[in-house]
Amino acid sequence: MSNFSNQIRASSALIKRLKHHRRSSLSSNPVLLMQSRSYTTNECHRPAIVQKRSLDILHDPWFNKGTAFSMTERDRLDLRGLLPPNVMTPEQQIERYMVDLKRLEVQARDGPSDPNALAKWRILNRLHDRNEVMYYKVLIKNIEEYAPIVYTPTVGLVCQNYSGLFRRPRGMYFSAEDRGEMMSMVYNWPADQVDMIVVTDGSRILGLGDLGVQGIGIAIGKLDLYVAAAGINPQRVLPVMIDVGTNNEKLLEDPMYLGLQENRLDGDEYVAVIDEFMEAVFTRWPNVIVQFEDFQSKWAFKLLQRYRNTYRMFNDDVQGTAGVAIAGLLGAVRAQGRPMIDFPKQKIVVAGAGSAGIGVLNSARKTMARMLGNNEYAFDSAQRQFWVVDAKGLITEERENIDPDALPFARKVNEINRQELREGASLVEVVQKVKPDVLLGLSAVGGLFSKEVLEALKGSTSTRPAIFAMSNPTNNAECTPEEAYSSVGENIIFASGSPFQDVDLGNGRIGHCNQGNNMYLFPGIGLGTLLSGSRIITDGMLQAAAECLAAYMTEEEVLKGVIFPSISSIRDITKEVAAAVVKEAIKEDLAEGYRGMDARELRKLSQEEIEEFVKNNMWNPDYPTLVYRND
Ligand SMILES: NC(=O)C1=CN([C@@H]2O[C@H](COP(=O)(O)OP(=O)(O)OC[C@H]3O[C@@H](n4cnc5c(N)ncnc54)[C@H](O)[C@@H]3O)[C@@H](O)[C@H]2O)C=CC1
Ligand SMILES: CC(=O)C(=O)O
Ligand SMILES: [Mg+2]
């Protein structure tokens, strides 16, 4: 035998031995066995054949690469929009995970609220990813305990820590890089029917400022309430983040940040992105309702005016908050033992002239004007009931470069001179001189209602002054209920945007802490609009929602200082709000019907029948019977 043949025989024996060795070591080593499926040395560059696309890939632990899917892969596999836009390397992914893992060792605290809140959020979130019906069963049954986790205040903490917390994506991301693609990528979402979209551009998340792409957490939290409170089917909700960049310097430099690391688009370029998004979602789902959430006030009003007469949309911070505040303000009048019609006599100091503050002011002024006869004179005289203080102090006509949205509330110079006030006067001066019935904060400045301000409110001419510290989350509240009750006295009305405990006033007496949050209205506004089939959301429909909430509380409750319902009844109040919205849409001849209930039939329904219709269309978290069919 030639030397050459010997060599061949020897090497093939070696290969056989090696193969045998490899097989036996593989079979006794499950990790290697698993790797051998696609990642052995000679196979690692071969593509893996997948018979899935879109979310099915992201939900498959074997194929999922999460944020590491490249843009070309995202396009090939219909993943565009289903992940945050920043593509990460596998090393960055691990680093992000480790940062988050290490953070668990430090307790996450959010001011006076639950120190274990973030851990609870993680557990609930994992359930949400695993079993939606069970998740919503848990949430609905324990809404009082878990709304503060999935919604304010903890949702704020979640958004702030989103880069670390991100695991399985939820919702869609439309980014500035997707310009020209949105009309097609909207089809990457697997559901053929979507009823509710909550969209944010992350520019003002609660009172936490610009959180960029991390703001998607607020859209997810709001939609959790749509499911839990309004019974919108969870398969038909879509949280959306429009990532046009961020102006948050920390995020721009953070290597773990999941969004576009460039400054926010502005002007026409910005509007073009939002226009493209609106066209895309309404083309695919013509009956969807889009709730704008936490857009900086610069754009909140402009976009609302741009779309509200053509699309089924509303801005929750401007319009939802206004309705809740009106209900609270009317409750405060009743709590003084006075009729609601006395509302136009209330002197109201508002701290904060952003999207929420101006929304409340416009709506409160209109409500007063209506009560005063709804004419020009009524409108003018209503205006004189408000004093607005922003970061630069009292707003007057002398303010340079005044924001056009705040202009109608700028005080006349001769009027304020009479009150010994001036342009830019501080909040404490304004409270001292005006002696208001109501002090309402939508400033996002925690502690703004300092001891000095609250002491000044003792001089209020009201028999029962009201303090609304509405900014979120907890740390941004203008004051706590303890501070309010201890500084101003026991005979006050108090409401905060995020939940606080009632205050023990001693001798068995309770200082009630109401939660004045738009969560009492937006779910009902959305559900009512959906079921009425109205193509737009009018001021009348929003007013009907607010009046329904105001009327929900009994005389006995308001006299005790309870001006908003308990969150445990949120499903019931939402049903009533939705019915009021449906009724108003019918009255305004806008109702086009929903599914089996056409406009003609809808118009024939009595009040009770409308409520029944609403109730019957609310989704309940019950397991359906499943049947397999292979066609
Ligand atoms: N309880 C609820 O349902 C809601 C609460 N909010 C909260 O309201 C707050 C404000 O929201 P936006 O109006 O959208 O924000 P924004 O950023 O548009 O407006 C904030 C306003 O506060 C003013 N401000 C800042 N420092 C101030 C100071 N020291 N004194 C007086 N005013 C000051 C600013 O000049 C600006 O006018 C946020 O914390 C948000 O979470 C918003 C919507 C609903
Ligand atoms: C509650 C809410 O919408 C906000 O704080 O922005
Ligand atoms: Mg908001």
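Residues numbered from 1 in each chain as written. Chains lettered and ligands numbered in written order. Predicted model: local features only at pLDDT ≥ 70, side-chain atom pairs only at ≥ 80, totals over all residues. Heavy atoms only, no water.

## Re the sheet that holds strand β8 (residues 393–394)
So the rule is basically this: Strands qualify as paired when DSSP identifies two bridges or more between them. Working definition: helices are DSSP H or I runs of at least four residues, strands are E runs of at least two. Numbering for both runs from the N terminus. Residue contacts are counted whenever heavy atoms from the two residues lie within 4.5 Å of one another. Orientation is described by axes fitted as lines to C-alpha atoms, over the contacting stretch for helices, and by angles from 0 to 180 degrees between their N-to-C directions.
Strand order in the open sheet made by the 7 strands is β8-β7-β6-β9-β10-β11-β14, with mixed pairing throughout. Every interior strand has two partners, whereas the edge strands, β8 and β14 (514–515), have only one. As paired strands, strand β7 (residues 386–390) and β8 are joined by 2 bridges and run antiparallel to one another. When the sheet's bridge partners are listed, D390 is paired in β8 with G393. Running at roughly 160 degrees to strand β10 (residues 466–469), helix α16 (residues 316–335) makes contact with β6 (348–351), β9 (438–441), β10 and β11 (493–496) of the sheet. Sheet strands in contact with helix α17 (residues 355–371) are β6, β7 and β9, and its direction is about 180 degrees off that of β7.

## Structural notes on the confidence of the model for the protein chain
The cut-off we apply is this: pLDDT measures how confident the predictor is about each residue, on a scale from 0 to 100.
When the pLDDT values of the protein chain are averaged, the result is 91; 91% of them are 70 or greater. Here residues 1–41 is modelled with pLDDT under 50, and outside its nearest four sequence neighbours on either side it reaches 16 contacts, counting other chains as well. Every residue in residues 108–112 is under pLDDT 50, and counting partners more than four places away or in other chains gives 13 contacts. Taken over the whole predicted complex, pTM reads 0.91, whereas the ipTM for its chain interfaces reads 0.99.

## Focus on the nonpolar core
As a rule of thumb, soluble globular proteins bury nonpolar side chains together. Heads up, the rule is: The criterion is simple. A nonpolar core is a set of buried Ala, Val, Leu, Ile, Met, Phe, Trp, Tyr and Cys residues joined through side-chain atoms within 4.5 Å. Between buried and exposed lies partly exposed: a residue is buried under 20% and exposed over 50% of the maximum accessible area for its type, with that area taken using a 1.4 Å probe on protein chains only.
Counting residues in each nonpolar core, the largest one holds 168 residues, and the members touching the most others are I197, F277, M278, V290, F292 and F468. Counting 32 residues, the second largest nonpolar core, distinct from the first, contains V349, V431, I467 and C479.

## Things to note about the site of ligand 1
As a reminder, the rule being used: Here a residue is near a molecule or strand as soon as one of its heavy atoms is found within 4 Å of it. Counted as a polar contact is a pair of N or O atoms within 3.5 Å, where, for protein atoms, one must be capable of donating a hydrogen and the other of accepting one, and residues adjacent in sequence contribute only when both atoms are in side chains. Each accessible area is a Shrake-Rupley result for a 1.4 Å probe, and residues are judged covered by the shown protein chains and nothing else. Polar here means any residue outside two lists: the nonpolar Ala, Val, Leu, Ile, Met, Phe, Trp, Tyr, Cys and Pro, and the charged Asp, Glu, Lys and Arg; Gly therefore counts as polar. Annotation comment: domain bounds sourced from an automatic or database domain assignment.
Close to ligand 1 lie 27 residues, the nearest being R204, A353, S355, A356 and N518. Here A391 contributes a backbone N or O atom positioned 3.1 Å from an oxygen atom of ligand 1. For ligand 1, the accessible surface in isolation is 860 Å², of which the surrounding protein chains cover 84%. Counting residues per element, the ones that place at least two in the shell around ligand 1 are α16, α17 and β7. Broken down by element, the residue count for the shell around ligand 1 peaks at 3 residues, all from α17. Here the residues of the shell around ligand 1 sort into 10 nonpolar, 14 polar and 3 charged. Residue-level mapping places the shell around ligand 1 at the junction of two domains, with at least three residues from each of domain 2 (54–60 + 84–295) and domain 3 (320–518).

## Considering the coordination of the magnesium ion (ligand 3)
Quick note on the threshold: Because no water is among the atoms considered, metal sites can look incomplete, with donors defined as N, O and S atoms within 2.8 Å of the metal, or 3.2 Å for Na, K and Ca.
Protein-derived ligands of the magnesium ion (ligand 3) are E293 (OE), D294 (OD) and D317 (OD), with the metal-ligand distances lying across 2.0 to 2.1 Å. Donor residues for the magnesium ion (ligand 3), ordered by position in the chain, follow E-D-x22-D. Of the two residues, D294 is situated in the loop between β4 (289–292) and α15 (297–307) and D317 in helix α16; the sequence distance between them amounts to 23 residues. Residue D294 shares its accessibility class with D317, and that shared class is buried.

## Describing the pattern of salt bridges
This is how the line gets drawn: Whenever Lys or Arg places a side-chain nitrogen within 4 Å of a carboxyl oxygen from Asp or Glu, that contact is recorded as a salt bridge.
Tallying each qualifying case throughout the model produces 36 salt bridges. In this structure, the salt-bridge partner of E132 is R170, at a minimum N-O distance of 3.4 Å. Here E132 is found in helix α7 (residues 132–141), whereas its partner R170 is found in the loop between α10 (162–165) and β1 (172–175), with 38 residues between them in sequence. A relative accessible area of 30% places E132 in the partly exposed class. What makes R170 buried here is its relative accessible area of 17%. In this structure, the salt-bridge partner of K298 is D266, at a minimum N-O distance of 2.8 Å. Of this pair, K298 sits in helix α15 while D266 sits in the loop between α13 (249–253) and α14 (267–284), and the two are 32 residues apart along the sequence.

## Some remarks on the UniProt feature "active site" (unreviewed entry) in the protein chain
Stated formally: UniProt positions are given in the numbering used here, feature names are shortened, and annotations may be inferred rather than shown by experiment.
Mapped onto this numbering, the UniProt entry annotates "active site" (unreviewed entry) at Y151 and K222. Sequence-wise these annotated residues cover 72 residues; spatially they are packed, their C-alpha atoms never more than 6.9 Å apart. By secondary structure assignment, the location of Y151 is in the loop between α8 (143–150) and α9 (154–160). Setting aside its immediate chain neighbours within four residues, Y151 contacts G221, K222, L225, N517, N518, M519 and F522. Here K222 shows up in helix α12 (residues 216–230). On the basis of relative accessible area, K222 is assigned to the buried category, the value being 2%.

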